[in-house]
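# What the coordinates show
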Amino acid sequence: IRSNYDRAFGWLTRLRRRVSRTLAPIARILAKPWVGTGVTILAASILLGFADPDFGFTGASVRLVLAMILAVVTINIGLSLVVMKVARQAFDVAAVLKPMPAALAIVGVSVLVSRLAGISPGFLFGIVLGIAYARELKLRDEARLGVLGVGLTIGAGLIAWLGYGFATAAMSGQGFFNNLLIEALAAITLEALGTLVVALLPIEFLDGRTIFRWSKIAWLGLYAVTTLVFLFVVVPLRDNW
């Protein structure tokens, strides 16, 4: 999606042109990078909130949306900034973050599947921003950056999972902000590890395809680690080896 976004969703450009003719002032505002980024993150966070069957017009749901925003920002901006810095230092290529509103469809599907299948905790896909490089990278360099992104995402998911355990034991039920922290750590865990199971598939438009083309052994090792971590941390199969 990130590397082929314009080719896959070029029809959105034509749609945007039609909308811009009738809603020109709004379109100009949304065209600003940070406005588009903010709207995309907010929309993704609200969609992800619907993975909770009790989601609605309540104070708890507002807190859940805030937790989702923190998780989406962590995964899409925090981790991406590290990858972009490495790309600039190692490969001398500039990069910018690019909102991908069409990825909200995948976010919605992940929530719908979770609700229809009764998966709890939900199976959440949270990538709605992409890294746009100033020039085309060699396959090896692009794959290495992909591996770095995967490693950072796994690390963020595991750290959040450990933090969730400590925070739940120490602060559960002790006020709005304590519960917000607990829910944000849970959201980061679910989004990070759930996203990788999809993003690493070796099919067109996904990062897994680049890594698979570069090294099938590296891809197999990454997917094995990702799947095992996902099964042991996210999937509710307690005491079931």
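I will try to describe carefully the structure that is included in this document. (Residues numbered from 1 in each chain as written. Predicted model: local features only at pLDDT ≥ 70, side-chain atom pairs only at ≥ 80, totals over all residues. Heavy atoms only, no water.)

### What about the packing of aromatic side chains?
Within the structure shown, the criterion is met by five aromatic pairs. Taking 5.3 Å as the distance between ring centres and 85° as the angle between the ring planes, the aromatic pair formed by Phe-176 and Phe-177 counts as edge-to-face. Relative accessible area serves as the criterion here: at 36%, Phe-176 is assigned to the partly exposed category. Among the aromatic residues, those joined into a cluster by ring pairs are Phe-212, Trp-219 and Tyr-223. Its end group placed over the ring of Phe-212, Lys-216 keeps NZ or CZ at 4.8 Å from the ring centre. (Phe/Tyr/Trp six-rings, centres within 6.5 Å; stacked < 30°, edge-to-face > 60°. Buried < 20%, exposed > 50% of the residue type's maximum accessible area, 1.4 Å probe, protein only. Lys NZ or Arg CZ within 6 Å of the ring centre and 35° of its normal.)

### Regarding unusual backbone geometry
With a phi angle near 55°, Asp-92 is a residue other than glycine that sits in the positive phi range. When its relative accessible area of 66% is taken as the criterion, Asp-92 is described as exposed.

### So, the environment of Ala-167
On the secondary structure map, Ala-167 appears in helix 7 (residues 139-171). Remark: the alpha-carbon pair of Ala-167 and Ser-45, spanning 122 residues in sequence, is separated by 22 Å. (Helix = DSSP H or I, 4+ residues; strand = E, 2+ residues; numbered from the N terminus.)

### Brief notes about a positive patch on the surface
On the surface, a cluster of positive charge is contributed by Arg-14, Arg-16, Arg-17 and Arg-18. Secondary-structure assignment places Arg-16 in helix 2 (residues 11-22). (Patch = residues over 30% accessible without salt bridge, like charges linked within 9 Å, V, L, I, M, F, W, Y side chains within 5 Å. Areas by Shrake-Rupley, 256 points an atom, 1.4 Å probe, with all protein chains shown as cover. Salt bridge = Lys/Arg side-chain N within 4 Å of Asp/Glu carboxyl O. Lys, Arg positive; Asp, Glu negative; His and termini not counted. Charge placed at Lys NZ, Arg CZ, Asp CG, Glu CD.)

### With respect to the nonpolar core
Note that soluble globular proteins tend to have their nonpolar side chains buried in a common cluster. One finds Leu-48, Leu-124, Val-128, Val-150 and Phe-230 to be the most contacted residues of the largest nonpolar core, which totals 58 residues. For this core, the secondary-structure elements that each account for two or more residues are helix 4 (33-49), helix 5 (59-91), strand 1 (95-99), helix 6 (104-117), strand 2 (129-133), helix 7, helix 8 (176-199) and helix 10 (216-233). The element contributing the most residues to this core is helix 5, with ten residues. Those residues in contact with Val-150 that lie beyond four places of it in its chain are Leu-196, Leu-200, Ile-211, Leu-222 and Thr-226. (Core = buried A, V, L, I, M, F, W, Y, C linked by side-chain atoms within 4.5 Å. Contact = heavy atoms within 4.5 Å.)

### What to know about the packing of helix 7 against helix 8
Remark: helix 7 packs on helix 8, axes separated minimally by 8 Å, with the N-to-C direction vectors making an angle of 150°. Comparing the axis directions of helix 7 and helix 8 gives the class roughly antiparallel. You can see that helix 7 and helix 8 cross each other, and the crossing is left-handed. Residue-level contacts link Val-150, Thr-153, Ile-154, Ala-156, Gly-157, Ala-160, Trp-161, Gly-163, Tyr-164, Ala-167, Thr-168 and Met-171 of helix 7 to Asn-178, Asn-179, Leu-181, Ile-182, Leu-185, Ala-186, Ile-188, Thr-189, Ala-192, Leu-193 and Leu-196 of helix 8. (Axes fitted to C-alpha atoms, helices over the stretch in contact; angles between N-to-C directions. Parallel < 35°, antiparallel > 145°, perpendicular 65-115°, else oblique. Left-handed = near helix turned anticlockwise from the far one by under 90°.)

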